[in-house]
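One-letter residues, chain by chain:
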Amino acid sequence: FGIVGPGGSAGSIAGVATECEIVSHVRLHDGRYVCEVRGLRRCRVVREWEDESGYKRAAVENCCDSPVQSPEERAMLESVATQVAAQVGIWCDRVRSGGWERTSRQLDALLEELGPLPPLQDSEEFSMWVAALINPVPSLGVAPEIRLECLTQTNTLVRLACILQAIRTSNEHIMHHNPKRHFFILRIVAAYLGLFGRLVVLACAKLIALPLTLLARLCTFNAPQHLDVPLQGFGQ
C-alpha cells in the first residue's frame, strides 16, 4: 500500500507517494490495528480514484532521481553533500546539548532506526537520510518541513540545496537556548526562592514568639496565689 500526503486542492493527494510494507502489527480490542511499516520506494501518482469501499486507489510509476550529466554537476553535488554532512554533526550535538529532545534519548532512537549515514557518493540515498533526520516522526519541531519537497524532487542537487538551507536554518534556531529549558530553570529558581521565603517567615515568627514567650512566663511567675484555683466539675 502507499502512504501519501494531501494535495493542493481539497480531497486530492500529493503527486508522489511512498510504497510501504507492514513489518509488525498489533490488533486492538475494537478490531483496528496499530501497524509498523517500512518505506520501500517512491512512486509517482499517474491517476487516482476512489473505489466502492471508500479507499483511495492510484496507478503509479517508479520515481527516482535523474542521473548526473556532467563532471561539473558531479563536483557541485559532492561539494554541497560535504557541507550537509558537516552540518549534520553540529545539528545532532546542538539537539542533545540544547535539550530539544521531547522524550528521553529520542535522537539516539532515531539514529538507530535510520541506520548508518549513507556515503556521500550515494547522493540520493544520503539526501533522503538527512531529510528524515531533521524531519522525524514524531517531530522535534526544530527544522522547516521539507519532506514532501524532498520526495517530489528528482534533481539530487536541488534536493541537497534545499536540505542544506533547512539544516542551516535549524542549526541557527537551536543554537539559542531552549525556551522550555529556560522555563525549567525558572521553576527550579522559584522553588528555591519559595523555600527561602518560608525559612525567612519561620525565622521572623521565632523572633516574634520569643519575647512573647518570655513575657508569658514572667506573668506566670508573678501571678497571685488566689488565681491558681482548680476548675470545678472536672474531677482531679
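Here, the structure is the one placed above.
A short tour of the structure in this document, coming up. (Residues numbered from 1 in each chain as written. Predicted model: local features only at pLDDT ≥ 70, side-chain atom pairs only at ≥ 80, totals over all residues. Heavy atoms only, no water.)

Details of the overall build of the protein chain
Where we set the bar: Where helices and strands are cited, they refer to DSSP runs of H or I of at least four residues and of E of at least two residues respectively, numbered from the N terminus. Burial status follows relative accessibility: with a 1.4 Å probe on protein chains alone, a residue under 20% of its type maximum counts as buried, one over 50% as exposed, and anything between as partly exposed. Residues count as neighbours in contact if any of their non-hydrogen atoms are within 4.5 Å of one another. Throughout, the Shrake-Rupley method with a 1.4 Å probe supplies accessible areas, and for residues the shown protein chains are the sole cover considered.
Along its length, the protein chain carries six helices and four strands. From first element to last, N terminus to C terminus, the protein chain shows the α and β order β-β-β-β-α-α-α-α-α-α. Each of the 236 residues in the protein chain was classed as buried or not, and the buried ones make up 23%. For the protein chain, the share of sequence-separated contacts (at least 6 apart) that also reach a separation of at least 24 residues comes to 50%. Working note: accessible area of the protein chain is about 16700 Å², and carbon and sulfur atoms make up 60% of it.

Some thoughts on a nonpolar patch on the surface
Our working definition: Patch construction takes residues with relative accessible area above 30% that form no salt bridge. Like charges are linked within 9 Å, and nonpolar side chains (Val, Leu, Ile, Met, Phe, Trp, Tyr) are linked within 5 Å. Here a salt bridge means any side-chain nitrogen of Lys or Arg lying within 4 Å of a carboxyl oxygen belonging to Asp or Glu.
Where nonpolar side chains cluster on the molecular surface, the patch consists of Phe1, Ile3, Ile22 and Val37 and spans about 360 Å² of accessible area. Inspection of the secondary structure assignment puts Ile22 in strand S2 (residues 13-27). Classification of Ile22 as partly exposed rests on a relative accessible area of 46%.

Comments concerning the pairing of strand S1 (residues 2-6)
Taken residue by residue, a regular strand's side chains alternate between the two faces of the sheet. Convention followed: Strands are treated as partners if at least two bridges between them are detected by DSSP.
Where S1 and S2 come together, four bridges link them in antiparallel fashion. Each residue of the ladder has a partner; that of Pro6, found in S2, is Ile13.

A word on the pattern of salt bridges
A complete count under the given rule lists 11 salt bridges for this structure. Two residues, Arg38 and Glu21, come together in a salt bridge whose shortest N-O distance is 2.9 Å. With Arg38 in strand S3 (residues 33-50) and Glu21 in strand S2, this pair connects stretches of sequence that are 17 residues apart. We classify Arg38 as partly exposed; its relative accessible area is 44%. Each of Arg42, Asp65, Glu124 and Arg159 takes part in one network of salt bridges that share partners.

Quick notes on helix H2 (residues 106-114)
This is how the line gets drawn: The arc in question is the one traced by the directions running from the helix axis out to the C-beta atoms.
Looking at H2, one finds that the buried residues are Gln106, Leu107 and Leu110. Seen along its axis, H2 keeps its buried residues to an arc of 95°; they face one direction. Contacts from the buried residues of H2 go to helix H1 (71-97) and helix H3 (123-134). The positive-phi residue at the C-terminal boundary of H2 is Gly115, with phi of around 85°.

With respect to unusual backbone geometry
For the bond running from Val137 to Pro138, omega is 0°, close enough to zero to count as cis. Locating Pro138 in the fold gives a position in the loop between H3 and helix H4 (147-152). Phi is positive for Arg105, which is not a glycine, with a value near 60°. Here Arg105 shows up in the loop between H1 and H2.

Quick word on the environment of Leu107
Tracing the backbone through its elements, the reader meets Leu107 in helix H2. Leu107 sits 15 residues away from Cys92 along the chain, and the two C-alpha atoms are 7.7 Å apart.

Notes on the nonpolar core
What counts here: What makes a nonpolar core is a set of buried Ala, Val, Leu, Ile, Met, Phe, Trp, Tyr and Cys residues whose side-chain atoms join them at distances within 4.5 Å.
One finds Val84, Val88, Trp91, Val130, Leu133 and Ile146 to be the most contacted residues of the largest nonpolar core, which totals 29 residues. The residues contacting Leu133, other than those within four sequence positions of it, are Val88, Trp91, Cys92, Leu107, Leu110, Leu111 and Leu114.

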